Amino acid sequence: MKAAPKALAMAVCIVALLGGRDVLVADLKQVLIAAIDAPDGRSDGDISGRMAEFLKGQTRSSAPVRVQVRTLRKFAEAGCARLEATLIQDDVPTKDGKRVPFAVRYELNLCRDGQPPSEGIDLDAASRALSGESRRQ
């Protein structure tokens, strides 16, 4: 299925953009951090700026981009959580000419300061992924 690698690439770009200090993704960071602080662990909102323009370019739709975030678990480190974020855009054209809703869901570990918690980092897995190794090697 060709959609899975594209969705994965989009999620990786999103995480990379979040790691920067770009003011244009501040609205997405704010929604993510709001979920950490929310009593029910949820937050949602519209996003704009570079992140929204990137998604609009990939989907070929000018419809607004929304994000829904829910907290999956809290870490022992104060203000840090595992989050599930879903980026949603309606009116995305398909190859056969239809227009459908599109969503990409990803998970990330995040603290209020915008950095990942040290508790959730698996350095061995990250090293294998970056070097292209598989677990079987």
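Above this text is the structure in question.
These notes cover the structure that comes with them. As the structure is a computational prediction, the values presented were derived from the model and not from experiment.

## Brief notes about the state of the cysteines
Following the criterion strictly, the structure yields one disulfide and no others. Between the sulfur atoms of C80 and its disulfide mate C111 the distance is 1.9 Å. Taking the torsion about the S-S bond as the criterion, the C80 to C111 disulfide, at about 105°, is right-handed. Taken together, the residues span a long stretch of sequence, with C80 in strand β3 (residues 80-93) and C111 in strand β4 (residues 99-111) at a distance of 31 residues. This pair shows no difference in class: C80 is buried, exactly as C111 is.

## Here we look at unusual backbone geometry
In this model, R60 sits at a positive phi of 60°, which is unusual for a non-glycine residue. Assignment of secondary structure puts R60 in the loop between α3 (49-59) and β2 (65-74).

## What to know about the environment of L108
Its place among the elements puts L108 in strand β4. Taking the relative accessible area as the measure of exposure, L108 reaches 8% and is therefore buried. The spatial distance from the C-alpha of L108 to the C-alpha of L32 is 9.8 Å, given a sequence separation of 76 residues.

Cut-off values and rules
Residue positions within a chain follow its written sequence, with the count starting from 1. Only residues with pLDDT of at least 70 get local features here, since the model is predicted, and only at 80 or more are side-chain atom pairs given and counted; chain-wide, interface and lining totals rely on the full set of residues. Hydrogens and waters are ignored; side-chain quantities use all the structure's heavy atoms. Disulfides are defined in this document as cysteine sulfur pairs within 2.5 Å. By definition, any uninterrupted DSSP run of H or I lasting at least four residues is a helix, any uninterrupted run of E lasting at least two residues is a strand, and each is numbered from the N terminus. Note on exposure labels: buried denotes an accessible area under 20% of the residue type's maximum, exposed denotes more than 50%, and partly exposed covers the range between, all computed with a 1.4 Å probe on protein chains only.

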